[in-house]
Amino acid sequence: MVSMRKRPLTPKEKHDRKMTIVYTAISVILALAVWLTVSYPGFKSGRVFAPPQKVLTAFEEQAKTSLIWVHIGASVYRVLVGFGLAFVVAVPTSFLMGWYKPFREIVQPWLRFIRCIPPLAFIPLVIVGAGVGESAKIIVIFIAAFLVMVISIYGGVVNVDNTLIKAARVLGANDRTIFLKVIIPASIPYIIIGARLGLSSSLTTLIAAELTGAQRGLGQMIQEAANYFKMDVVLMGIIIIGVVGLLFEKIVSIAERRLTAWQETREM
Amino acid sequence: MAGNSRDVKVDIKGVRRIFTGGEIDVVALNGIDLQLYDNEFVCVVGPSGCGKSTLLNILAGLDKQTDGEITVDGGRIDGPSPDRGVVFQQYALFPWLTVRKNVEFGLRNQGLPERQVRETADKYINMVQLQDFANSYPKVLSGGMKQRVAIARAYAMNPSLLLLDEPFGALDAQTRAQLQADLLQTWEAEEKTCFFITHDVEEAVLLAQRVVIMSARPGRIKRIVDIDIPHPRTQETRLSQEFSVLKNTIWAEVYHEYLTQRK
């Protein structure tokens with residue numbers, strides 16, 4: 001829509017970027033140092049934490065049989081399907097709640113009630129209803145992601161600056177135009193916040209769901225490794241979950257930058 | 001020169017506005033009678049909470065009076081109309097649209113052909129001298145520039161009545177002086193009836209042909225002062241004897257109302 005002119009960086013910006021890289025490096029090195037320390041075989045904690053070298057070996061072994069990719073693939077698939085369905089339902093639900101009072105008044109008590117219940121508490125119900133297959137996990141993720149997204153997006157829809165709606169009215173906009181051209185764009189930052197929260201709670205819930213029983217998936221892999229006391233595999237699984245989470249976060253950030261470049265941001 | 005014709009543009013008769021639903025009913029406007037003439041520039045001053053903005057919202061079609069009658073060009077007000085433009089104090093630009101798209105917003109709602117939309121937008125973006133920022137988002141603009149966009153957006157609809165709700169209230173003194181000069185110039189060039197609300201008595205005297213002084217709540221019209229200073233007016237107009245006398249008279253009345261309200 002808009003061509004942002006690329007300008008050369010000012011010396012201060014160059015310096016800031018350089019410092020960011022330096023601090024990130026320090027951050028990673030410190031984390032590795034902590035890891036090396038706690039996994040030192042002489043320490044008690046060495047029994048819990050496998051050292052980096054062993055974790056890497058475990059990863060290489062699993063990668064050779066490509067079993068690791070099966071686990072990652074299974075988990076990511078569940079998260080994406082569960083989250084995707086939740087997103088598709090949460091967005092219109094939030095707008096309906098913001099726009100139609102009767103709908104809001106009927107649905108809001110349900111949401112208030114359900115949001116206090118950890119999604120994992122539904123697992124027995126879901127297993128009886130949908131078996132132990134893929135759909136059970138997807139349903140649990142759906143519940144978790146849907147709730148956080150509706151709450152966050154609805155918060156945005158009802159907080160659209162009333163002056164903007166007034167301005168649109170006096171510029172001849174009808175209800176339809178106000179909805180499409182004002183309410184929706186004004187809510188996009190909140191939709192993105194919702195997506196971010198929804199993705200992270202999907203991942204959290206999924207792993208917990210897999211720990212309670214699955215054929216494959218990162219949670220299942222961790223559970224199984226723990227049974228045989230393979231702490232290197234456990235730690236590898238945990239790290240992979242973190243990396244997957246970071247990747248999701250990165251994707252959301254890219255979407256955010258593309259969709260809300262117009263937003264006023266605080267100068268830090 | 002603008003503002004000579006004495007045809008009645010807006011006729012406000014016995015307008016009252018009572019806000020119910022709170023703990024007590026609030027009488028915001030209590031019997032307003034006022035006529036605005038074609039192409040006239042009227043400023044309204046009065047203490048906070050005197051109902052100035054309520055009156056503007058009713059004229060804009062964003063609110064409705066409890067009693068009384070208002071006609072614009074002989075017709076009753078029924079909701080907002082592109083013929084009655086509004087400039088808000090908080091600019092109210094759509095932050096996700098560029099300057100150009102903001103100015104085009106209302107034109108598109110009217111379903112004008114694309115070429116006309118673009119040409120009209122260009123004309124008014126040039127009028128407020130923001131052509132270099134046409135493709136920028138509002139976030140990169142200063143407060144004064146944002147308000148110029150809002151003015152261009154209102155003007156682009158070519159309304160015959162322009163309602164301005166303390167448009168320069170949030171700006172620093174220099175920017176405000178600049179925008180006042182620009183607005184005067186535009187008003188002198190393009191004939192429109194302007195209904196301008198302000199806290200700033202000096203601003204009112206500089207811009208208006210008539211200044212309406214409102215009393216403290218419940219809002220009534222206390223006095224209307226004719227400003228006979230000839231147009232074109234500039235910032236130098238402020239230095240004249242005539243200007244200070246009018247300013248001091250009006251200021252004293254407004255201050256008196258402010259004290260009344262505090263009691």
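The structure this text deals with has already been given above.
Residues numbered from 1 in each chain as written. Chains lettered and ligands numbered in written order. Predicted model: local features only at pLDDT ≥ 70, side-chain atom pairs only at ≥ 80, totals over all residues. Heavy atoms only, no water.

**Student:** Got a sec to walk through the interface of chain B and chain A? Specific residues and values, please.
**Tutor:** Taken together, the contact between chain B and chain A spans 25 residues of the former and 22 residues of the latter. Across the chain B/chain A interface, buried area totals approximately 2,200 Å², and carbon plus sulfur atoms make up 74% of it. Looking at the side of chain B facing chain A, the largest losses of area belong to Trp-96, Tyr-137 and Lys-139 of chain B, adding up to 32% of the total buried there. Counting the contacts that link chain B with chain A gives zero salt bridges. Taken together, chain B and chain A are joined by four residue pairs in polar contact (both at pLDDT 80 or more). For the side of chain B that touches chain A, the secondary-structure elements that each account for two or more residues are helix H1 (52-60), strand E6 (84-87), helix H2 (99-109) and helix H4 (143-156) of chain B. With three residues, the single largest contributor to the side of chain B that touches chain A is H2 of chain B. When its residues are assigned to classes, the side of chain B that touches chain A shows 14 nonpolar, seven polar and four charged. (Contact = heavy atoms within 4.5 Å. Buried area = accessible area lost by both parts, 1.4 Å probe. Salt bridge = Lys/Arg side-chain N within 4 Å of Asp/Glu carboxyl O. Polar contact = N/O pair within 3.5 Å; in protein donor to acceptor, adjacent residues only side chain to side chain. Helix = DSSP H or I, 4+ residues; strand = E, 2+ residues; numbered from the N terminus. Nonpolar A, V, L, I, M, F, W, Y, C, P; charged D, E, K, R; others polar.)

**Student:** Outline the nonpolar core, supporting the account with residue identities and numerical values.
**Tutor:** Within the largest apolar cluster, 147 residues are counted, with the highest numbers of intra-cluster contacts made by Val-182 of chain A together with Ile-12, Phe-94, Phe-195, Val-211 and Ile-250 of chain B. Excluding residues within four positions of it along the chain, Val-211 of chain B makes contact with Cys-43, Val-45, Ala-204, Val-205, Arg-223, Ile-224, Val-225, Ile-227 and Ile-250 of chain B. (Core = buried A, V, L, I, M, F, W, Y, C linked by side-chain atoms within 4.5 Å. Buried < 20%, exposed > 50% of the residue type's maximum accessible area, 1.4 Å probe, protein only.)

**Student:** Kindly report on the packing of helix H8 (residues 175-211) of chain A against helix H9 (residues 218-227) of chain A, identifying the contributing residues and their values.
**Tutor:** Any two packed helices are characterised by how steeply their axes cross, that is the angle between the axes, and by the distance between the axes. Residues and elements named next belong to chain A. Running from N to C, H8 and H9 cross one another at 45°; their axes reach a closest spacing of 7 Å. In terms of axis orientation, H8 runs oblique to H9. As H8 runs across H9, the sense of the crossing is right-handed. Along its contact with H8, which presents Ile-207, Glu-210 and Leu-211, the element H9 presents Leu-218, Gly-219, Gln-220 and Gln-223. Looking at the contact of H8 with H9 residue by residue, the classes come out as three nonpolar, three polar and one charged. (Axes fitted to C-alpha atoms, helices over the stretch in contact; angles between N-to-C directions. Parallel < 35°, antiparallel > 145°, perpendicular 65-115°, else oblique. Left-handed = near helix turned anticlockwise from the far one by under 90°.)

**Student:** Go over the side chain of Ser-152 of chain A, please, and point to the residues and values.
**Tutor:** Residues and elements named next belong to chain A. Tracing the sequence through the fold places Ser-152 in helix H6 (residues 134-158). A polar contact of 3.4 Å, which involves the side chain of Ser-152, links it to the backbone nitrogen of Gly-194. Not counting the four nearest positions on each side in its chain, Ser-152 is found in contact with Tyr-190, Ile-193, Gly-194 and Leu-197.

**Student:** Explain the environment of Ile-18 of chain B to me, using residue names and the numbers behind them.
**Tutor:** Along the polypeptide, Ile-18 of chain B turns up in strand E1 (residues 8-19). Sequence-wise, Ile-18 of chain B and Lys-139 of chain B are 121 residues apart; in three dimensions their C-alpha atoms are separated by 38 Å.

**Student:** Describe the sheet that holds strand E9 (residues 210-214) of chain B, and please don't skip the residues or the numbers.
**Tutor:** Residue and element names in this part refer to chain B. Strands sit in the order E6-E7-E8-E3-E9-E10 across an open sheet of six strands; the sheet is mixed. Two strands bound the open sheet, and with one partner strand each, they are E6 and strand E10 (221-226). The mean inter-strand angle of the sheet, taken between neighbouring strand axes irrespective of direction, is 15°. Where strand E3 (residues 41-45) lies against E9, four bridges are found, and the strand directions are parallel. Paired with Cys-43 across the bridge in E9 is Val-211. Packing against the sheet, H4 makes contact with E6 and strand E7 (161-165), and its axis sits at approximately 175° to E6. (Pairing = 2+ DSSP bridges.)

**Student:** Would you mind going over the packing of H9 of chain A against helix H10 (residues 231-259) of chain A in detail, with residue names and values included?
**Tutor:** All names here are of chain A. The geometry of H9 relative to H10 is characterised by a closest axis approach of 8 Å and an angle of 160° between their N-to-C directions. With respect to each other, H9 and H10 are oriented roughly antiparallel. Once H9 is placed against H10, the crossing between them reads as left-handed. Counting all contacts with H9, which are made through Leu-218, Met-221, Ile-222, Ala-225 and Ala-226, the residues of H10 involved are Val-233, Val-234, Met-236, Gly-237, Ile-238, Ile-240 and Ile-241. The class makeup of the residues in the contact of H9 with H10 is eleven nonpolar, one polar and no charged.

**Student:** I'd like a description of the side chain of Ser-81 of chain B, backed by residues and values.
**Tutor:** Structurally, the position occupied by Ser-81 of chain B is in the loop between strand E5 (75-76) and E6. Taking relative accessible area as the criterion, Ser-81 of chain B reaches 19% and is therefore assigned buried. For Ser-81 of chain B, the residues in contact, after removing those within four places along its chain, are Val-170 of chain A together with Ala-60 of chain B.

**Student:** Kindly report on the pattern of salt bridges, identifying the contributing residues and their values.
**Tutor:** All names here are of chain B. By the definition in use, this model includes 24 salt bridges over all chains. Across the pair Asp-67 and Arg-16 runs a salt bridge whose closest N-O atoms are separated by 3.0 Å. Here Asp-67 is found in strand E4 (residues 67-72), whereas its partner Arg-16 is found in strand E1, with 51 residues between them in sequence. We classify Asp-67 as partly exposed; its relative accessible area is 34%. Among the salt bridges present, the one from Glu-202 reaches Lys-247, with a minimum N-O distance of 3.6 Å. One end of the pair, Glu-202, is in helix H6 (residues 201-207); the other, Lys-247, is in helix H7 (residues 241-262), and 45 residues separate them in sequence. Overall, Glu-202 belongs to the partly exposed group, its relative accessible area being 24%. Taking the relative accessible area as the measure of exposure, Lys-247 reaches 25% and is therefore partly exposed.

**Student:** Any details on a nonpolar patch on the surface? Residues and values, ideally.
**Tutor:** All names here are of chain A. A cluster of nonpolar side chains, namely Val-22, Tyr-23, Ile-26 and Leu-30, defines an oily patch on the protein surface of about 390 Å² accessible area. Tracing the sequence through the fold places Val-22 in helix H1 (residues 11-38). Its relative accessible area of 37% is what places Val-22 among the partly exposed residues. (Patch = residues over 30% accessible without salt bridge, like charges linked within 9 Å, V, L, I, M, F, W, Y side chains within 5 Å. Areas by Shrake-Rupley, 256 points an atom, 1.4 Å probe, with all protein chains shown as cover.)

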